[in-house]
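# Secondary and tertiary structure notes
If you want the building blocks of each chain, they are given just below.
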Amino acid sequence: MPPMLQIQLLGGFDLSYGDQSWTRAISERLQSLLAYLALNRQRAQSRQHLAYLFWGDSSNPQARTNLRKELYNLRQNLPNVEQIVRIEPKTLSWSPTIPFALDVMEFENAVAQNQLERAIALYRGQLLPSCDDDWIFPERDRLQQLYVRALEQLIEQLKNQQDYRLALNYAQQLSRVDPLNESTYCTLMQLHDLSGDRANALQVYHHCMTMLREELGVDPSPTTRRFYEQLLLEEESPIGSSPIQPRVHLPLSLPSQSALPMVGRNHEWHLIQEWSAIADPQVLLLTGEPGIGKTRLLEELRETTPFALWGRGFAAEMLRPYGIWIDALRSVRLLNPVPAELGFLLPEIGQPSKAPPDRSHLFDAVVQLLANWAAQTPLLVMLDDIQWIDEGSSALLHYASRLLTHLPVKFACTARSGELSKNAAISQVLRSLRREQRLNTIELQPFDRGNTAALIHAANTDHPFEMSLELIDRVFRDSGGNPLFVLEIARALSQRQSHATDLAALIRDRLDQLEDKARDLLPWAAALGRSFKPAMVAQVADYPLPELFSAIAQLEQQSIIRPSATGENELGYDFAHDVVRQVVYQHISEPRRQLMHWQIAHRLNQIATLDHSFAGDITHHAGLGGDHALAASHALPAAERCLKLFAYAEATVLAERGVQSCQWLDQRSRIPLQLRLLRVWAIAGVKHDLAVQIETQVHQLMAEANRLGLNDDAAIGHETLNVLYYEQGNYVQLHQHSLRSTEVSRAASPATAARVLALSGSCLTELGQDMIRAEALLLEAQSLANRVGLEQCDIHSGLGGIELHKANYDAARTFLQQALQLAQRDRDRWRECNCLMGLIMTELEAGNPSAALSYCSTMTHLVAQIEGKESENAIAAALAALAHYQLQRPEANLEAAIVKLQQLDIKRMLAYILIGAAEVDFAQERFELAALRAEEALQAAQTMKHPSEIAIAGALLIQSVLALKHAERAIGVFETLHHRIDRRLLSVRAQTQVDCMTQQLQPLMKKRKLSS
């Protein structure tokens, strides 16, 4: 069968011929042009018409020139273009002479032939969603309407056939296309009811009510309301008597705007409007105390923006990587195409990823998605309470705000001023933005008496009461001008109640007026510590869903909770203000609080997924619930998941919590878990004083493991110490311990022994010592790994170091590239950095600085995403500076890079960079500078006891001094060094330098000997 030309326009552009993809070879402008020709394939299109259509804002001659250029690019990039498009002097036409398939044509034919399921499957998304040319909008709308009608017809057919489950799937698709169509919600409710799933039918109604109120300001129709009331009257079945029902996947609402008019913030609102009106890339930051009105201003701003994302930070979620961004992206309806890298964070988009993407790819995917939206309409990203966001979310905010300055994307944030300093990650981002003059901070102050009176009046229009000056003064004094406190006092006064003298008491008075079922729900919501889903509360608290929805309705009516973005496009709620959450939580007795967290942890454990996405939550609740075994067992996968997401600070906290929970376990359970948690902690990075404590703990645990015969766990301890010594730059200890680890590992299982031997051999290679033994250990590790079917990154990276030592650059490059692929596969950022470093050094020593710069760029991008890894950042910058220096480029900035290495005391890399710079200086006949750098390199190499670098630095120093005509000094350096140099230990590069030095010194040494 001959190959076929495949053209996809629905959901995105794709062009392929047989097994060859041509998509990447075609620019977006050409994609749009080909799409237009394909959609208008019935007749030829004049060049004049196409030039005007695609370049209407250019002059006629320029538009025709642009068209000619695109046609030239089309001929250059698309093989056999004449078989697809007929290009004539005055016209262009879609006229393939080869078999072709066009998805739009197939979709239209399937609809016409009533092949509804096939038509729906062919509609992968909107027509060319990335295209914003005027011509496409009518065609895009026409095809979407065809899709909607096909869905409606198929749902009706399936309902008549009583295939309710399949009908539900298509009805949910329809609700995503048109989330404001009330009839679709009625269909969903009816199908759930016919399926015997009354709980989800009720949930659909609540979501329908929220969407209509938020977007249109109306309530559901009487027909929909009557159907809802009928469902409530049906016989209730206990939630535990049937399996968990399937969840409805629906679009989400943003936090609702307050029903009150905005009071007392005219000046701040004017500043915000000015910021919003100008094309200013500054990030807006509203700061102030809790309850001061930061979120209220964001809600007001949201009402003026056609398209906004809303995410919120939570104190209990600082260990949830990218939590605020996940909620922000889920606050809007996600239409295809969505970058595949987001599947790990948003599995509901239909392309879940089992492994987390590279952090740079994840950041770029978010930026790409925001850019696509901003190309269609101005976009506002609103992040509330950023004092509680994790390190990854902080870095993503900085990255996105920096890269999207050229597009209509604005970022507005709020933070509690008193708590910002406790979050090092976001504080650093804000300092950087302030330094770059890209931060617009507005500090909200308490109300004065006039604004306090205005707010009391606005809050009590339905229940007016006399406001004397004495009363206003009293409210102002008691509230301190805090708007939230003022509102609580106003509510109490409107009900003719005396008010308490503190905010917590006011809130408790208000909550005491709720019905029992609403009041009983609040402690569970507060204990969950984040936006809660009705289905989740029902599961963890054994709460009947009809009662739950009735309680939620009262709480929402009283403005105690409000709709919010939650996971997997489900309806969710959160407290209207975090102060209310805190009051509720603090009012729970300690014994009851512990029992609630225990129950939440165990219910989450029952529904936990294989990707460990609940592991951090389980660790948190189990720890508070006193189940230390459950907390410790989930702390390890949670911390490892954070490492893979570059969330090193969160990994450290989880590892520390896990270690603390381990103290409650029996010895045989504690030792293996604690050793593995300490390994994660070491990889995430620790300061020197803490490193000493961890080293002591590991030694103690290894001794216990040896006494109990836990050989594999003892070997894990040795591996942890190797990592710790390497990260701390303690190379003497690293050398000694690497040799000891090899003996211990042989008592472990083959898989563990292979891993420990590989790490030990790789460390010895890095140190440049015992290279023969290092190679033997690596080959032994390789044999063991092959026996059990493992691939070890350390084996390949270590063998790459061996080949680099031998100056076999091609072989070294191959081994290191294999190691890099394995590190990337395992999302092992620590080893990924080391592999990139090895590849850069290989290219530098092979005389390929341009190739080295490519790897430098990758490493710089990688380490920039890891918080707390300042040494890796300095190393990446220094290697890049050396590559530029070899190329004699002005951007080398080598001196600054060397100073940074000195400040951080990174002697191993300092010696390497100084040697490389001295080699360049010597070759350029800058002998004095070469001598200075070689001498400094020699001192660093001697501290490290690195044989080859001592030899190279000494040889360069002697040759530079000789070039300066200082023969006696050269001979003196040689006499000091020559007894320390063992040629058998040297790399080929070092041997070459020593040979050059010896050749230059020999005549002088002979002459000196004769004269004496």
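Shown above is the structure to which this text applies.
First, a word on scope: everything that follows refers to the structure included in this document. (Residues numbered from 1 in each chain as written. Predicted model: local features only at pLDDT ≥ 70, side-chain atom pairs only at ≥ 80, totals over all residues. Heavy atoms only, no water.)

Of the regular secondary structure elements, the chain holds 46 helices and 14 strands. For the chain, the proportion of its 1012 residues judged to be buried stands at 55%. Across the chain, the fraction of contacts at a sequence separation of at least 24, relative to all contacts at a separation of at least 6, is 67%. Of the accessible surface of the chain, which amounts to about 43700 Å², a share of 50% is contributed by carbon and sulfur atoms. (Helix = DSSP H or I, 4+ residues; strand = E, 2+ residues; numbered from the N terminus. Buried < 20%, exposed > 50% of the residue type's maximum accessible area, 1.4 Å probe, protein only. Contact = heavy atoms within 4.5 Å. Areas by Shrake-Rupley, 256 points an atom, 1.4 Å probe, with all protein chains shown as cover.)

All right, on to the pattern of salt bridges then. Under the definition given, this model contains 35 salt bridges. A salt bridge links R296 to E300, with the nearest nitrogen and oxygen atoms 2.9 Å apart. With R296 and E300 both in helix α12 (residues 294–303) and four residues apart, this pair spans about one turn of that helix. By relative accessible area, E300 is classed as buried at 19%. Notably, a salt bridge pairs R312 with D385, separated by 3.6 Å at the nearest N-O pair. In this pair, R312 is assigned in strand β9 (residues 308–312) and D385 in the loop between β10 (379–384) and α15 (391–403), connecting sequence segments 73 residues apart. Several salt bridges converge on common partners, so that one network encompasses R679, E719, R755, D794, D828 and R831. (Salt bridge = Lys/Arg side-chain N within 4 Å of Asp/Glu carboxyl O.)

This part takes up the nonpolar core. Within the largest apolar cluster, 120 residues are counted, with the highest numbers of intra-cluster contacts made by L9, L15, F107 and I560. Contacts of L9, omitting those with residues within four sequence positions, involve A35, L39, L102, D103, V104, Q126, L127 and L128. Core analysis: the next-biggest nonpolar cluster, separate from the first, contains 73 residues, I898, L910, A937 and L956 among them. (Core = buried A, V, L, I, M, F, W, Y, C linked by side-chain atoms within 4.5 Å.)

Attention shifts here to the sheet that holds strand β5 (residues 85–87). Sheet architecture is open: three strands sit in the order β4-β6-β5, paired in antiparallel fashion. One side of each edge strand has no neighbouring strand; the edge strands of this open sheet are β4 (45–46) and β5. The pairing of β4 with strand β6 (residues 91–94) spans two bridges and is classified as antiparallel. Residue pairing in the sheet places S46 in a bridge with T91 of β6. Packed on one face of the sheet, helix α1 (residues 28–39) meets β4, β5 and β6 and runs near 70° to β6. (Pairing = 2+ DSSP bridges. Axes fitted to C-alpha atoms, helices over the stretch in contact; angles between N-to-C directions.)

With six of its six residues buried, strand β8 (residues 283–288) lies for the most part within the structure. Alternating residues of β8 divide into V283, L285 and T287 and L284, L286 and G288, and every residue in both groups is buried. In this sheet, strand β12 (residues 439–443) lies alongside β8 in parallel orientation, the contact comprising five bridges. By the bridge assignment for β12, L286 is matched with I442. Relative to strand β11 (residues 409–416), β8 runs parallel, the two sharing five bridges. Across the sheet, the residue bridging to L284 is A412, located in β11.

Their axes nearest at 7 Å, the elements helix α26 (residues 590–606) and helix α27 (residues 615–624) cross at an angle of 150°. Here α26 is positioned roughly antiparallel relative to α27, judged by the angle of their axes. The interaxial crossing formed by α26 with α27 has left-handed handedness. From α26, Q594, H597, W598, I600, A601, L604 and N605 reach across to α27, where they touch D617, I618, H621, A622 and L624. Of the residues belonging to the contact of α26 with α27, the class tally is seven nonpolar, four polar and one charged. (Parallel < 35°, antiparallel > 145°, perpendicular 65-115°, else oblique. Left-handed = near helix turned anticlockwise from the far one by under 90°. Nonpolar A, V, L, I, M, F, W, Y, C, P; charged D, E, K, R; others polar.)

Mapping K410 onto the fold places it in strand β11. You can call K410 buried: its relative accessible area is 13%. Here the side chain of K410 touches I278 through a polar contact of 3.1 Å, landing on its backbone oxygen. Ignoring anything within four residues of it in the chain, the contact list for K410 reads W275, S276, I278, D280, L379, L380 and V381. (Polar contact = N/O pair within 3.5 Å; in protein donor to acceptor, adjacent residues only side chain to side chain.)

Looking now at helix α8 (residues 182–194). Under the 1.5 Å per step criterion, the end-to-end length of α8 is 18 Å for 13 residues, consistent within 8% with the ideal 18 Å. Every buried residue belonging to α8 is among E182, T184, Y185, L188, M189, L191 and H192, and all of these are buried. Following α8 by one or two positions, G196 has its phi on the positive side, about 80°. (Expected span 1.5 Å × (residues − 1).)

With parallel pairing, five strands are arranged side by side in an open sheet as β9-β10-β11-β8-β12. The open sheet is flanked by β9 and β12, the only strands paired with a single partner. Shown here is a sheet whose adjacent strand axes are inclined to one another by a mean of 15°, direction ignored. Sheet topology places β10 next to β11; five bridges connect them, and they run parallel. When the sheet's bridge partners are listed, L380 is paired in β11 with K410. Each of β8 and β12 is contacted by helix α17 (residues 424–435), which is oriented at about 110° to β12, the strand it contacts most.

Moving on, we come to unusual backbone geometry. Backbone geometry at Q437 places phi at a positive 60°, although glycine is not the residue there. By secondary structure assignment, the location of Q437 is in the loop between α17 and β12. Of note in the backbone geometry, A807 takes a positive phi value of approximately 65° without being a glycine. Checked against the element boundaries, A807 lands in the loop between α36 (793–805) and α37 (809–825).

Here we take up the packing of aromatic side chains. Taken as a whole and judged by the stated rule, the model has eleven aromatic pairs. Taking the centre distance of 6.2 Å and the plane angle of 90° together, the rings of Y322 and F363 count as edge-to-face. A residue pair is termed long-range when its members are at least 10 positions apart, and Y322 in the loop between β9 and α13 (323–330) and F363 in helix α14 (residues 359–374) qualify at 41 residues. Just as Y322 is buried, F363 falls in that class too. Note on F363 and Y399: the rings are 5.5 Å apart at their centroids and 50° apart in plane angle, and the pair reads as tilted. (Phe/Tyr/Trp six-rings, centres within 6.5 Å; stacked < 30°, edge-to-face > 60°.)

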